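# Descriptive structure summary
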2 protein chains.
Amino acid sequence: MEQRISLITLGVRDMEAMAAFYEALDWIRVETQDGVIAFDLIGQTLGLYPLEKLAEDIGLPVEEMGKGATTFSYNVRTKEEVAPLLAKAEVAGGRILRPASDVFWGGYIGYFSDPEGNIWEVSHNPFSSLSEDGAFRWNGY
Amino acid sequence: MEQRISLITLGVRDMEAMAAFYEALDWIRVETQDGVIAFDLIGQTLGLYPLEKLAEDIGLPVEEMGKGATTFSYNVRTKEEVAPLLAKAEVAGGRILRPASDVFWGGYIGYFSDPEGNIWEVSHNPFSSLSEDGAFRWNGY
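Please read all numbers here as calculations on a predicted model, not as lab measurements. (Residues numbered from 1 in each chain as written. Chains lettered and ligands numbered in written order. Predicted model: local features only at pLDDT ≥ 70, side-chain atom pairs only at ≥ 80, totals over all residues.)

The next thing to look at is the overall build of chain A. Helix and strand counts for chain A stand at three helices and seven strands. Secondary structure elements in chain A, listed N-terminal to C-terminal, are β-α-β-β-α-β-α-β-β-β. Against the 2.2 N^0.38 benchmark of 14 Å for 141 residues, chain A shows a C-alpha radius of gyration of 16 Å, consistent with a compact globule. For chain A, the spread of C-alpha atoms along the three principal axes comes to 45 × 35 × 30 Å. By the burial criterion, 46% of the 141 residues in chain A qualify as buried. Contacts in chain A between residues far apart in sequence, at least 24 positions, make up 45% of those at least 6 positions apart. (Helix = DSSP H or I, 4+ residues; strand = E, 2+ residues; numbered from the N terminus. Rg over C-alpha atoms; globule rule 2.2 N^0.38 Å. Buried ≥ 20, exposed ≤ 12 C-beta atoms within 10 Å, placed from the backbone. Contact = placed C-beta atoms within 7 Å.)

Below is the structure:
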């Protein structure tokens, strides 16, 4: 198995409300069919799909979905970008879980959740500079 | 906010067991400190981090973690790769949720979960060819 994730799919209760949240954060949808709302990322796509249909696709009861504790991180190039992005997420309908603050490993981070509880970290990591196009890897570019 | 996810973090109960699962699927760890186990992907990193520490980092009780219903997809280049990869995940300690089978939109997919319930789709999508280095976007490369 090669080291990649092709598609991150969120099982969603209110598709239009969730799409509106990500669009309010400046993301642009791809044209899609089959009831998916998709945002192309770097080398992968984030897809929104109705929770019940996703559970049916897998063959799990809805209550069995979302058992893993997953967070997503969005890394920024400067410390000054963290707080405004949290504020923007809040205006868009998200919830700030942790305000922008120093963290023990030397970074500067905050957390927000989207309207359905998916958790995002906004992180300035001074040890892992991003590539020009925003790609991240553990030891930086 | 640019269209990217820098880091996907799984909140994990048994770090070594989970690392062993991904290593059994041929993934190679990056050298890390601070108690994270990381695998660099294409333009992003998958990190394993103790669930309780992740919850503490965010400021949420552990029971509040993992509320979103998220799946990851690993897309392959041929239909013939789907079933063997599910079998490999099962041998590595995962569970096959849906065996390799045709799906209504014209693809050929299966699902497995890792030892802590994170759900992966293995998908052959004939409409979205991967880039040479395995990157995915909705309408293909």
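Looking now at the pairing of strand 1 (residues 7-12) of chain B. Residues and elements named next belong to chain B. Where burial is concerned, most of strand 1 is hidden: six out of the six residues are buried. A two-sided burial pattern is seen for strand 1, the buried positions comprising Leu7, Thr9 and Gly11 on one face and Ile8, Leu10 and Val12 on the other. Bridge count for strand 1 against strand 3 (residues 45-50) is six bridges, and the pairing is parallel. Looking across to strand 3, one finds that Gly11 is bridged to Tyr49. (Pairing = 2+ DSSP bridges.)

Attention shifts here to the sheet that holds strand 6 (residues 108-113) of chain A. The sheet built from seven strands is open, its strands ordered 5(A)-6(A)-7(A)-4(A)-1(B)-3(B)-2(B) with mixed pairing. Edge strands, defined here as strands with exactly one partner in the open sheet, are strand 5 (95-102) of chain A together with strand 2 (37-40) of chain B. The mean angle between the axes of side-by-side strands here comes to 20 degrees, regardless of whether they run parallel or antiparallel. In this sheet, strand 6 of chain A lies alongside strand 5 of chain A in antiparallel orientation, the contact comprising five bridges. Opposite Ile96 of chain A, over in strand 6 of chain A, you have Phe112 of chain A as the bridge partner. (Axes fitted to C-alpha atoms, helices over the stretch in contact; angles between N-to-C directions.)

Let us now look at the domain arrangement of chain A. Residue and element names in this part refer to chain A. The domains assigned to chain A are domain 1 (7-61) and domain 2 (71-124). Using C-alpha coordinates to define each centre, domain 1 is positioned 21 Å away from domain 2. Among the secondary structure elements, those contributing two or more residues to the side of domain 1 that touches domain 2 are strand 1 (7-12) and helix 1 (15-24). If one sorts the elements of the side of domain 1 that touches domain 2 by residue count, helix 1 sits on top with four residues. Partitioned by chemical class, the residues of the side of domain 1 that touches domain 2 number seven nonpolar, no polar and one charged. (Domains from an automatic or database assignment. Nonpolar A, V, L, I, M, F, W, Y, C, P; charged D, E, K, R; others polar.)

All names here are of chain B. Unlike most non-glycine residues, Asp26 shows phi in positive territory, near 85 degrees. Within the secondary structure, Asp26 sits in the loop between helix 1 (15-24) and strand 2. Even without glycine at this site, Asp34 takes up a positive phi of about 65 degrees. The class of Asp34 is exposed, set by 11 C-beta atoms lying within 10 Å.

Here we come to the confidence of the model for chain A. Within chain A, residue pLDDT values average 94, and 100% of them lie at 70 or more. Our summary of model confidence lists the complex with pTM equal to 0.90 and ipTM equal to 0.89. (pLDDT = per-residue confidence, 0-100.)

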